[in-house]
Amino acid sequence: MGAKADALILDDTVEDLEPVVGYLAARELVFKAFHAGFAGDDAPSMKDKTITACWRAGATAAQLNEEASKARSFPELSAAPFDTDSARTAFNRALGNASQP
């Protein structure tokens, strides 16, 4: 699975869930599943294959981020795309953890 396919899964899942739970709740479910995968948390217990795919997309992003960090692929960031304070702050803010760095 590539980054483009992962992004499409995230968008498609939001669209699929929107009629059932609403747009904002759908975005929250997708983001939380993606972040859980990225953070290395356990896969969601939901039996929804699309939410599980969002978790896998996050896990894949974490692996790519780790490899980019090791390879120093983004010297202008001094690391990898998600290794910056800005990225961590944005993730925490989106999760409602504004007090955490």
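As shown above, the structure is provided for reference.
Residues numbered from 1 in each chain as written. Predicted model: local features only at pLDDT ≥ 70, side-chain atom pairs only at ≥ 80, totals over all residues. Heavy atoms only, no water.

Peer 1: Would you mind going over the nonpolar core with me for this structure?
Peer 2: Nonpolar side chains tend toward joint burial in soluble globular proteins. Residues Leu10, Leu17, Val30, Phe34, Phe38 and Cys54 are the most contacted members of the largest nonpolar core, which totals 16 residues. Contributing elements (two or more residues each) for this core: α1 (3–21), α2 (23–39) and α3 (49–71). A total of 6 residues in this core trace back to one element, the largest contributor, which is α3. Setting aside residues no more than four positions away along its own chain, Phe34 makes contact with Leu10, Cys54, Trp55, Ala57, Gly58, Ala61 and Phe91. (Core = buried A, V, L, I, M, F, W, Y, C linked by side-chain atoms within 4.5 Å. Buried < 20%, exposed > 50% of the residue type's maximum accessible area, 1.4 Å probe, protein only. Helix = DSSP H or I, 4+ residues; strand = E, 2+ residues; numbered from the N terminus. Contact = heavy atoms within 4.5 Å.)

Peer 1: Just checking my understanding: could you explain the packing of α2 against α3 for this structure?
Peer 2: Two quantities define a packed helix pair, namely the angle between the helix axes and the distance between the axes. Where α2 contacts α3, the axes come no closer than 6 Å and their chain directions differ by 40°. In this view, α2 runs oblique relative to α3, as classed from their interaxial angle. In this structure, α2 meets α3 at a crossing whose hand is right-handed. Contact with α2, carried on its side by Leu29, Val30, Ala33, Phe34, Ala36, Gly37 and Phe38, involves Ile51, Cys54, Trp55, Ala57, Gly58, Ala59, Ala61, Ala62 and Asn65 of α3 and no other residues of that element. Looking at the contact of α2 with α3, its residues break down into 13 nonpolar, 3 polar and no charged. (Axes fitted to C-alpha atoms, helices over the stretch in contact; angles between N-to-C directions. Parallel < 35°, antiparallel > 145°, perpendicular 65-115°, else oblique. Left-handed = near helix turned anticlockwise from the far one by under 90°. Nonpolar A, V, L, I, M, F, W, Y, C, P; charged D, E, K, R; others polar.)

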